[in-house]
Amino acid sequence: MAIPWTKKNPFLSLWLSAANAWAGAARGPMTAAVKRQMAAGLKPPPKRKPKRGAA
């Protein structure tokens, strides 16, 4: 008799494939957002013009 938890399960396989596809699709935009944040954090802040009349 085969052990039940070692048998192939097509529904679990489909579910895991879908979860993997979803994670892969979500990884692209998230990686792009992180790269944008890192680039923004590494840029020096813009120089501010001194206000007129303030001395």
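So, how was this worked out
Residues numbered from 1 in each chain as written. Predicted model: local features only at pLDDT ≥ 70, side-chain atom pairs only at ≥ 80, totals over all residues. Heavy atoms only, no water. Helix = DSSP H or I, 4+ residues; strand = E, 2+ residues; numbered from the N terminus. Rg over C-alpha atoms; globule rule 2.2 N^0.38 Å. Areas by Shrake-Rupley, 256 points an atom, 1.4 Å probe, with all protein chains shown as cover. Patch = residues over 30% accessible without salt bridge, like charges linked within 9 Å, V, L, I, M, F, W, Y side chains within 5 Å. Salt bridge = Lys/Arg side-chain N within 4 Å of Asp/Glu carboxyl O. Buried < 20%, exposed > 50% of the residue type's maximum accessible area, 1.4 Å probe, protein only. Expected span 1.5 Å × (residues − 1). Bend = angle between axes of the 7 residues up to and from the residue. Polar contact = N/O pair within 3.5 Å; in protein donor to acceptor, adjacent residues only side chain to side chain.

Moving on: the overall build of the protein chain. Tallying secondary structure elements over the protein chain gives one helix and zero strands in all. A compact globule built from 55 residues should have a C-alpha radius of gyration of about 10 Å, whereas the protein chain, at 26 Å, is more than 25% larger. Counting only C-alpha atoms and orienting by the principal axes, one finds that the protein chain spans roughly 90 × 15 × 15 Å. Summing over all exposed atoms, the protein chain offers an accessible surface of approximately 6,000 Å²; the carbon and sulfur share of this is 66%.

Turning our attention to a nonpolar patch on the surface. Residues L12, W15 and L16 make up a contiguous nonpolar surface patch of about 350 Å² in total accessible area. Structurally, L16 can be placed in helix α1 (residues 10-42). Taking the relative accessible area as the measure of exposure, L16 reaches 46% and is therefore partly exposed.

Taking 1.5 Å of rise per residue, the 33 residues of α1 would be expected to cover 48 Å, and the 48 Å separating its terminal C-alpha atoms lies within 8% of that figure. Of all the bends in α1, the largest measures some 25° and sits at R27, one to four residues before the proline P29. Taking burial as the measure, the 33 residues of α1 include zero buried ones, a minor fraction of the element. Two to three positions downstream of the cap, the backbone nitrogen of F11 sits 3.1 Å from a side-chain oxygen, assigning the N-cap of α1 to N9.

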